[in-house]
Amino acid sequence: MLPVAVAANVVEIRARTRSTIMAVVKADGFGHGAVTVARAAVAAGAGWLGTTSVAEAAALRAARLAVPILTWLHPSGIDAEAAAAAGVDVAVGSVDELAALLAQATPTVRIHLHMDTGMSRGGCPRGQWDELIGLAQRGQRARRVRVAGVMGHLPLADRADPAANAPAVAAMRQARQAVRAAGLGSPPAHLAATSGTLTDPATHFDMVRVGAGLVGIDPSGTVRMHDASRLTAPIVHTTAVPAGTPVGYGGTYVTDRATHLSVLPVGYADGIPRECSPQAGVAIRGRRLPVAGRVSMDQIVIDTGAESFPAGTSATVFGPDGGATPTVHDWARWAGTIPHTIVTGIGPRVKRSIA
Ligand SMILES: *Cc1c(COP(=O)(O)O)cnc(C)c1O
């Protein structure tokens, strides 16, 4: 994990917006370590942190991250006590959710009204905004909640086309206006994630919530960000084999010449995608060498040709280096997926370190 890359990505983002930057470190900082990513992002200028659960937020507090934190998915309901104890803001996306929160006897909880701006995935449906705002108004008067933000989410920002975002931007303005009109002041409004932040200033409002971009992924594919991780594995075993040798389960790869095979101790249990194209490879001593045969649970085999690498030789599965080294984006292409699933899929037994 490379904090310098996270810092460089915050600089890229800052160059494109004046809004407050919320560093979204859900899913353990997209697999890179939530605390490490959060620290690097805050040091580089992020003013807020975002997670999906209060538990994740509490872990950041335990690591002495003191900036405001927002959480927005509450799988087992909002635990007002825990949120208040951790000093965490919670997004409230429905009338029922807010009613359940108000029913708890707790100190004042800071809430962000999460409005559905076109995603239909969480967020209060348009037809119930007034009811939600009305309930928030009563809750705030009774000092049970404090409306500390208004939130939306962009469904189409990856297209990098402002016209595609326009309906959500309009909805966000209306939501902000409705909150103001209800006498709830002008709490920060936030709509954009990485793609909107990088491609459409109209989506920035007061704050942008950037997750993927922190670790080097621009889902809109328009800005080259800095990859924030490198995955290496040592060769555990090397053999010389003749031409015509089938490799791995199903014998799907058959050597076409006398060659050497090296085993790396990473497999699909560690997040190496099992479904990957024949182009998949790793870098060993500056050369790109192919993955031979199927990815196993705990290991992959590399066809190293005429060279016989001794056990212990380090192979780079992916990294930011370029040249022979595959990137996370290469692995995503080989697996027919997005880079997010590669980085968040790296398993728990892969040892994380900070470089
Ligand atoms: C994940 C998430 C983000 C961050 O999105 P990226 O595209 O990774 O920057 C922002 N807001 C919400 C609600 C999210 O779930």
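Remember, predicted model here, so these are calculated numbers, not experimental data.

Draft legend 1. Main features of the overall build of the chain. Summing up its helical and strand segments, the chain has 11 helices and 17 strands in all. Counting only C-alpha atoms and orienting by the principal axes, one finds that the chain spans roughly 80 × 40 × 35 Å. Considering the chain as a whole, with its 355 residues, one finds that 53% of them fall into the buried category. Counting every atom, the chain has about 15200 Å² of accessible surface; 54% of that belongs to carbon and sulfur. For the chain, the centre of its 32 positive side-chain charges and the centre of its 25 negative side-chain charges are spaced 5 Å apart.

Draft legend 2. The arrangement of the sheet that holds strand 16 (residues 300-305) in detail. As summarised here, the arrangement of the three strands in space is 10-13-16, forming an open sheet in which the pairing is antiparallel. Whereas interior strands pair on both sides, the edge strands pair on one side only; in this sheet they are strand 10 (237-241) and strand 16. Sheet twist, expressed as the average angle between the axes of neighbouring strands with direction ignored, equals 25°. Note: strand 13 (residues 259-264) against strand 16, five bridges, orientation antiparallel. Within the sheet, the bridge partner assigned to Leu264 lies in strand 16 and is Ile300.

Draft legend 3. Spotlight on the layout of surface pockets. By volume, the largest pocket is sized at about 750 Å³. In terms of lining, the largest pocket is formed by 32 residues, of which the most central are Lys26, Met119, Arg121, His153 and Ala193. Every element with two or more residues in the lining of the largest pocket is listed here: helix 2 (26-30), strand 4 (89-92), helix 9 (194-199) and strand 8 (207-210). Partitioning the lining of the largest pocket into residue classes produces 16 nonpolar, 11 polar and five charged. In this structure, the second largest pocket encloses a volume near 430 Å³. Top contributing element to the lining of the second largest pocket by residue count: strand 9 (residues 231-234), with four residues.

Draft legend 4. Focus on the UniProt feature "binding site: substrate" (unreviewed entry) in the chain. Summarizing the sequence annotation, UniProt attributes the feature "binding site: substrate" (unreviewed entry) to Arg121 and Met297 in the numbering used throughout. In sequence the annotated residues extend across 177 residues, and in space they extend as well, their farthest C-alpha pair lying 33.1 Å apart. The subset of these annotated residues that lines the largest pocket comprises Arg121. Summarising the element assignment, Arg121 is placed in the loop between strand 5 (109-114) and helix 7 (129-141). Tracing the backbone shows Met297 in the loop between strand 15 (287-290) and strand 16. Leave out the neighbours within four places in its chain, and Met297 touches Gly267, Tyr268, Ala269, Asp270 and Arg349.

Draft legend 5. Broad picture of the UniProt feature "domain: Alanine racemase C-terminal" (unreviewed entry) in the chain. Listed under "domain: Alanine racemase C-terminal" (unreviewed entry) in the UniProt record, and renumbered for this structure, are residues 228-355. The span residues 228-355 carries 12% helix and 30% strand; its end-to-end C-alpha distance comes to 10 Å.

Draft legend 6. Representation of unusual backbone geometry in the model. Positioned with a positive phi, Arg143 is a non-glycine residue whose angle comes to about 60°. If you trace the backbone, Arg143 turns up in the loop between helix 7 and strand 6 (145-151). Its relative accessible area of 66% is what places Arg143 among the exposed residues.

Draft legend 7. Local environment of the packing of aromatic side chains. Overall, the coordinates contain one aromatic pair when judged by the stated rule. Centre to centre, the rings of Trp331 and Trp334 are 5.1 Å apart; their planes meet at 75°, and the pair counts as edge-to-face. In this pair, Trp331 and Trp334 both sit in helix 10 (residues 328-335), three residues apart, roughly one turn of the helix. In this pair, the class of Trp331 matches that of Trp334, namely buried.

Draft legend 8. Quick peek at the site of the ligand. Near the ligand, the surroundings consist of Lys26, Phe30, Trp72, Arg121, Met151, His153, Ala193, Thr194, Arg209, Val210, Gly211 and Ala212. Between the ligand and Arg209, the relevant distance is 2.9 Å, taken from a nitrogen atom to a side-chain nitrogen or oxygen of the residue. Taking 380 Å² as the accessible area of the ligand by itself, protein coverage stands at 91%. Judged by the proximity of its atoms to the pocket grid, the ligand belongs to the largest pocket. Considering only residue class, the shell around the ligand consists of six nonpolar, three polar and three charged.

About the cut-offs
Residues numbered from 1 in each chain as written. Predicted model: local features only at pLDDT ≥ 70, side-chain atom pairs only at ≥ 80, totals over all residues. Heavy atoms only, no water. Helix = DSSP H or I, 4+ residues; strand = E, 2+ residues; numbered from the N terminus. Buried < 20%, exposed > 50% of the residue type's maximum accessible area, 1.4 Å probe, protein only. Areas by Shrake-Rupley, 256 points an atom, 1.4 Å probe, with all protein chains shown as cover. Lys, Arg positive; Asp, Glu negative; His and termini not counted. Charge placed at Lys NZ, Arg CZ, Asp CG, Glu CD. Pairing = 2+ DSSP bridges. Axes fitted to C-alpha atoms, helices over the stretch in contact; angles between N-to-C directions. 1 Å grid on protein atoms, 1.4 Å probe; cavity = no way out; pocket = protein on both sides within 12 Å on 5 of 7 lines; lining within 4 Å. Points joined across faces, edges and corners; volume = space filled by probe spheres on them. Nonpolar A, V, L, I, M, F, W, Y, C, P; charged D, E, K, R; others polar. UniProt positions renumbered as here; feature names shortened; annotations may be inferred. Contact = heavy atoms within 4.5 Å. Phe/Tyr/Trp six-rings, centres within 6.5 Å; stacked < 30°, edge-to-face > 60°. Near = heavy atom within 4 Å. Polar contact = N/O pair within 3.5 Å; in protein donor to acceptor, adjacent residues only side chain to side chain. Sits in = over half its atoms within 2 Å of the grid points.

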